[in-house]
Amino acid sequence: MIMFLTKEQEEMLSGVKGEAIAKSMELIVKIGDVYNAEQLIPITNAQVAGVSYLTVGESIFSFFELLSKDDVKVKVPTWLNPAGMDMEKWREMEISEDFAEKQFRIVKFYEGLGIKPTLTCAPYLIGHAPSYGDHLAWSESSAVSIANSFYGARTNREGAPSSLASAITGLTANYGLHITENRNPRILVDVKTNLESFSDYSALGYWYGKKFHGLIPYFANVQSLSINEAKILAAALAASGSVALYHAKDLTPESKSVDIENVEEKIEFTESNKKEIYHHFNQISEGADLVAIGCPHASYEDIKLISNTLQSRQMKKGIKFWIFTSNKIKTVIATDSLLTNLESRGIKVYTDTCMVVSPSVVENFRNIITNSTKAAHYLSRAKTTMVKLLSIDSIMKEVTE
Ligand code: F3S
């Protein structure tokens, strides 16, 4: 199929508006051709991954060089995914000077393009929630799923270069999850067990993603879906199964309008399926040396829950407790007693990064407890790291006295 381009889009592609714009258009059109898109559509905003030096490596700098040939700026509001370190407390995280220097260069370059250095995978928690029906170009997998599922916005899971290309041009190819018919569920999941903690939601997502890679689920019998439950479920689905959209009966905006008559399979998620996932991530035989919370980045309520559960207890010796969030949320918890309360018990709150994209975690810790299957999944890929999945309640019982 030949994609229709407007006169202005043709000009952008031909290089009339500069090489960076032409290269960006080339990439978007190429992707559109692969997926038989008929046209390009405007996006409301973009979220760009490819920020941590750990994940992008040296090659990012030659890509930047290419873009710097023109004085190009992003055309729509654009947010950045987490970097490889807390931009202030990187020394405390034992990040090397060399890594830090490269990380600062990367973030500075993105800022030069007009991108806001939000450095979070949860921009929706800090005032950048999309609206129903918005077309976006987001690239972090959990954020993509939340935008599609919880807010009813529309985005494919973009790669770092394609989300940046869309940010620069303000356009994306109209295919995949931008199209209504492609948003119908394929599998109906009757949730037969209680989801009592965030980690239970995470177990559901991980279990489903492993079984039905890439297929949109429709969850029935989920009793509640706060943004905090929704985001940990989204992250798990994306981590184990690259699932970028889910529906939950009466709880997500498109659940009433999608076609559930024609799903391909109906299955149940039972107590024993849930236990299977906890068992899968029960790898630590001796003591843990780190608790890592905040995958996806912790919200104000997530942090408050930890603080409430802590009550008057102190961390046990030999265990560190790190919470990852955005700078903006940390500023909010610093204005009440929340941050002081946590820090006085030895709990650190790091911003701009996370347990997966910072080298600090896998390089310095061997036995890590978390409440997120996404974090557990990626951390346990390092052969030297063992993980354990627990609810916040159980974590606090295990690591405090
Ligand atoms: Fe976010 Fe890092 Fe998890 S980017 S979703 S906290 S792996």
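Conventions used here
Along each chain, numbering runs from 1 in the same order as the chain's sequence is written. In keeping with the model being predicted, local features are shown solely for residues with a pLDDT of at least 70 and side-chain atom pairs are shown and tallied solely at 80 or more, while totals for entire chains, interfaces and linings include all residues. Here the side-chain values reflect all heavy atoms present in the structure, with hydrogen atoms and water set aside. For the purposes of this entry, the term helix denotes a DSSP run of H or I that reaches at least four residues, the term strand denotes a run of E that reaches at least two, and both are numbered from the N terminus. When checking whether two residues touch, look at their non-hydrogen atoms; a contact exists if any pair is within 4.5 Å. By this rule, a helix spans an expected 1.5 Å times one less than how many residues it contains. Exposure categories follow from relative accessible area, calculated using a 1.4 Å probe and restricted to protein chains: below 20% of the type maximum is buried, above 50% is exposed, and the middle band is partly exposed. The source of the domain bounds is an automatic or database domain assignment. A 1.4 Å probe defines the accessible area here, and the buried area is the portion of it lost by two parts on being joined, summed over both. Each salt bridge in this description consists of a side-chain nitrogen of Lys or Arg and a carboxyl oxygen of Asp or Glu lying within 4 Å of one another. Definition of a polar contact: a pair of N or O atoms within 3.5 Å, with one able to donate and the other able to accept a hydrogen when the atoms are protein atoms, and with sequence-neighbouring residues admitted only if both atoms are side-chain atoms. Near is defined per residue: the residue qualifies when any heavy atom it owns lies within 4 Å of the molecule or strand. We call Asp, Glu, Lys and Arg charged. Ala, Val, Leu, Ile, Met, Phe, Trp, Tyr, Cys and Pro are nonpolar, and the rest, Gly among them, are polar. For Phe, Tyr and Trp, where Trp contributes only its six-membered ring, two rings pair if their centres lie within 6.5 Å, and the inter-plane angle classes them as stacked under 30 degrees, edge-to-face over 60, or tilted in between. The rule for a charge over a ring is simple: NZ of Lys or CZ of Arg within 6 Å of the ring centre, and within 35 degrees of the ring normal. Between N-to-C directions, angles cover 0 to 180 degrees, with each direction set by a line fitted to C-alpha atoms, over the stretch in contact for helices. Here is the rule for angles: anything less than 35 degrees is roughly parallel, anything more than 145 is roughly antiparallel, 65 through 115 is roughly perpendicular, and the remaining ranges are oblique. In this analysis, strands are considered paired if DSSP registers two or more bridges between them. Seen with its strands pointing away from the viewer, a crossover is right-handed if its path from the first strand over the helix to the second goes clockwise.

Draft legend 1. Expanded view of the environment of A100. Here A100 shows up in helix α5 (residues 97-112). As for A100 and M85, which are separated by 15 residues in sequence, their C-alpha atoms are 7.6 Å apart. Setting aside chain neighbours within four positions, we find A100 in contact with M85, W90 and I95.

Draft legend 2. Molecular detail of α5. The terminal C-alpha atoms of α5, which comprises 16 residues, lie 22 Å apart, in line with the 22 Å expected from a rise of 1.5 Å per residue. Three or more residues of α5 are buried, namely F99, A100, K102, Q103, I106, V107, F109 and Y110. Looking one or two residues past α5, G114 carries a phi angle of roughly 95°, positive in sign.

Draft legend 3. Up close: helix α8 (residues 198-211). Under the 1.5 Å per step criterion, the end-to-end length of α8 is 20 Å for 14 residues, consistent within 8% with the ideal 20 Å. Most of α8 sits out of view: 11 of its 14 residues are buried. For α8, the complete set of buried residues consists of S199, D200, Y201, S202, A203, L204, G205, Y206, W207, Y208 and G209.

Draft legend 4. Quick peek at the domain arrangement of the chain. The domain architecture assigned to the chain consists of domain 1 (7-180), domain 2 (184-279) and domain 3 (281-399). On a C-alpha basis, the centres of domain 1 and domain 3 stand 28 Å from each other. With 26 residues of domain 1 at the contact, the number on the domain 3 side is 24 residues. Roughly 1,900 Å² of surface becomes buried between domain 1 and domain 3 when both sides are summed, with 57% attributable to carbon and sulfur atoms. Between domain 1 and domain 3 we count 2 salt bridges in total. Where domain 1 packs against domain 3, one counts 13 residue pairs in polar contact (both at pLDDT 80 or more).

Draft legend 5. The site of the ligand, seen in detail. Around the ligand, the neighbouring residues are P82, C121, E140, S142, G294, C295, P296, C354, V356 and K374. Among the elements that take part in the shell around the ligand, strand β10 (residues 290-298) stands out by supplying 3 residues, more than any other. Here the shell around the ligand is composed, by residue class, of 6 nonpolar, 2 polar and 2 charged. For the shell around the ligand, the two domains that each supply at least three residues are domain 1 (7-180) and domain 3 (281-399).

Draft legend 6. The side chain of T385, seen in detail. On the secondary structure map, T385 appears in the loop between α15 (373-379) and β14 (386-389). Discounting chain neighbours no more than four positions away, the residues touching T385 are Q283, V362, F365, R366, I368, L379 and S380.

Draft legend 7. Focus on the packing of aromatic side chains. Per the counting criterion, the structure on display carries 19 aromatic pairs. Relative to F219, the ring of Y208 has its centre 5.9 Å away and its plane inclined at 75°; by these criteria the two rings are edge-to-face. Within this pair, whereas Y208 is found in helix α8, its partner F219 is found in strand β7 (residues 217-220), the two being separated by 11 residues in sequence. We note that Y208, like F219, is buried. Between W322 and Y350, the ring centres sit 4.9 Å apart and the planes meet at 85°, which makes this aromatic pair edge-to-face. With W322 in strand β11 (residues 320-325) and Y350 in strand β12 (residues 347-351), this pair connects stretches of sequence that are 28 residues apart. Judged on exposure class, the residue W322 and its partner Y350 are both buried. In this arrangement the basic side chain of R105 is found over the ring face of F61, its NZ or CZ atom lying 4.1 Å from the centre.

Draft legend 8. Up close: the packing of helix α1 (residues 7-14) against helix α2 (residues 19-34). It is at 6 Å that the axes of α1 and α2 come closest, and there the two elements cross at 110°. It follows from the interaxial angle that α1 and α2 lie roughly perpendicular. Together, Q9, M12 and L13 of α1 and I21, A22, M25 and E26 of α2 make up the contact between the two elements. Considering only residue class, the contact of α1 with α2 consists of 5 nonpolar, 1 polar and 1 charged.

Draft legend 9. Fine view of the pairing of strand β13 (residues 367-370). Side-chain alternation along β13 places N367 and I369 on one buried face and I368 and T370 on a second face that is also buried. Where β10 lies against β13, 2 bridges are found, and the strand directions are parallel. Looking across to β13, one finds that L290 is bridged to I368. Pairing analysis gives 4 bridges linking β13 to β14, with the strands arranged parallel. Along β14, the bridge assignment pairs T370 with L389. Regarding the hand of the β-α-β motif, the stretch spanning β13, α15 and β14 is right-handed.

Draft legend 10. Spatial organisation of the sheet that holds β12. Strand order in the open sheet formed by 5 strands is β12-β11-β10-β13-β14, with parallel pairing between adjacent strands. Looking at the sheet topology across the chains shown, the edges are occupied by β12 and β14. On average, adjacent strands in this sheet sit at an angle of 25° to one another, irrespective of strand direction.

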